[in-house]
Amino acid sequence: MKLIPYWFLLFTIGFGWFILAPLVPIIASYFGVTPTAVIVVIDAYGYSMAIIGLIAGYLASRITVRITLYASMSLSALGLLGRAFSSNYDEFLTFALMAASAYPLALAPVGSISSSLNRERAHTIIGISVGILFIGLAAGDFTGPELASLIGLHWTLLIPFILSVIAALYVIPGTRNYPKYFRGRNLRGGFSPGMLKNWWVGFTVASLSVMFGAIAATSLQNLHGFSLDTSIYYSGLLGGLAFLGSGFGAIIMPPLFEVRKRLRTGLIFSAIMAFASISVLVSSFIFSKVIVVMALGFFAFGFFGNAYWSMALTSVTRYTDDPAISGLATSMYSVVANAGVSIVPLFLGPLFYSQGLAIDGMIIVILMVLLAAILSPLLRTLGNVKNNSQS
């Protein structure tokens, strides 16, 4: 029960984030900007984690997690409200950045929360936390097109604000004195070179998950000739399935392997299946107009890719037995992962806007995930040792 207010906050952040993805062409037309400019707004969540993530982890460990969560819910509500009432792109971007800053303040210290509440079930707590964030992403992606067609863009953008206010009313009483079992405030040892392997997994899976959801509408128009309305509809469907799969994968897979004490098997299995599913996703995205095949690829990569991402995130907490440092470790992982979200969709995404460059994009994507899969047997699953020599 202690985690429910936190999980609802994460859901609202995810919902507010990716309700924008299927509406990229509509928002671009409304503000008179290019689709890439709107993708920058979506990627703002990645920028915010890359910039604020370490600060969030530091604050959570030096002060309290509760203060960072209060700051998160406040910034989310104010940013989403301003975003809904923006009259031009500059205002829209400014308030979107404010709303995006709630993301690192809420998610970056998840290692501290899991380690302080129940270290033996860290994979379960982190998996469900990440999974619920992605369920929020899926809900936003699924409902965005329908809401926009029924109530218009302005009211659609107000829905996330309303949810953020409900989250604030729930979080304030629900997180009082929570968590409170930190052993100390010495943050030395928060980094180990062994974490670099985990960072590549985080960078790859996060950036590609966001990229394909963000570019789907434009790519379906350019690669397959779908109309604008059809592209928006299928973009919401595909992106929603990807994030729905991500939510289920993170909620189901890590606890399953943790309970059976087969974490290394889980890492390797998830990594192999993530590679297989991204191959289906990217090849069908380029060569096929069959939406069912695309949908299978999006859902499967979400399911297995985010299960792997979540387990790799929890793996970095195994470099320390101090919850305060665990929060800093997961913050660093999140910073790197969301640096990928900030960079990869902008530079790699446009390759999938034309048939001539899409093959190059496919090769890059497959190589990125292949390397992440190769690293899976090397990720740490055991607890910290005194000299940090295990990797």
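First things first, this report covers the structure right here in the doc. (Residues numbered from 1 in each chain as written. Predicted model: local features only at pLDDT ≥ 70, side-chain atom pairs only at ≥ 80, totals over all residues. Heavy atoms only, no water.)

1. Describing the overall build of the protein
We count it as follows: The secondary structure listing takes helices from DSSP runs of H or I that are at least 4 residues long and strands from runs of E that are at least 2 residues long, numbered from the N terminus. To sort residues, take the accessible area from a 1.4 Å probe on protein chains only and compare it with the maximum for the residue type: under 20% means buried, over 50% means exposed, and anything in between is partly exposed. Two residues form a contact once any of their heavy atoms are found within 4.5 Å. Computed with the Shrake-Rupley method and a 1.4 Å probe, the accessible areas treat only the protein chains shown as cover for residues.
A count of helices and strands for the protein gives 14 helices and zero strands. When the helices and strands of the protein are listed from N to C terminus, the series reads α-α-α-α-α-α-α-α-α-α-α-α-α-α. In the protein, which comprises 391 residues, the proportion classed as buried is 62%. Excluding contacts between residues fewer than 6 apart, the proportion of contacts in the protein whose partners are at least 24 apart in sequence is 84%. A total of about 14,100 Å² of accessible surface is found on the protein, and carbon and sulfur atoms cover 70% of it.

2. Brief notes about unusual backbone geometry
Backbone geometry places Lys261, a non-glycine residue, at a positive phi of 55°. Mapped onto the elements, Lys261 comes out in the loop between helix 10 (228–259) and helix 11 (263–287). According to the relative accessible area criterion, Lys261 is exposed, its value standing at 69%.

3. Quick word on helix 10
Threshold: The length a helix should cover is 1.5 Å for every residue beyond the first. Note on bend: at a given residue it equals the angle between the axes fitted to the 7 residues ending there and to the 7 starting there.
For helix 10, with 32 residues, the first-to-last C-alpha span of 46 Å sits near the 46 Å given by 1.5 Å per residue. Gly249 marks the point of greatest bend in helix 10, at about 25°. Within two residues after helix 10, Lys261 carries a phi angle of roughly 55°, on the positive side.

4. Points about the packing of helix 9 (residues 195–224) against helix 11
The criterion, for reference: Comment: axis = line fitted to C-alpha atoms, over the contacting stretch for helices; angle = value between 0 and 180 degrees taken between N-to-C directions. Each residue gets one of three labels, nonpolar for Ala, Val, Leu, Ile, Met, Phe, Trp, Tyr, Cys and Pro, charged for Asp, Glu, Lys and Arg, and polar for the others, Gly among them.
Two numbers describe how helix 9 lies on helix 11: the axes approach to 9 Å, and their chain directions differ by 35°. Residues Phe212, Ile215, Ala216, Ser219, Leu223 and His224 of helix 9 lie in contact with helix 11, whose contacting residues are Ile278, Leu281, Val282, Ser284, Phe285, Ile286 and Phe287. When its residues are assigned to classes, the contact of helix 9 with helix 11 shows ten nonpolar, three polar and no charged.

5. Digging into the environment of Gly236
As for its placement among the helices and strands, Gly236 is situated in helix 10. Residue classification places Gly236 among the buried positions, given a relative accessible area of 1%. With residues near it in sequence (within four places) discarded, Gly236 still touches Pro22, Asp141, Phe142 and Pro145.

Geometric descriptors of this kind do not, in isolation, establish any biological role.
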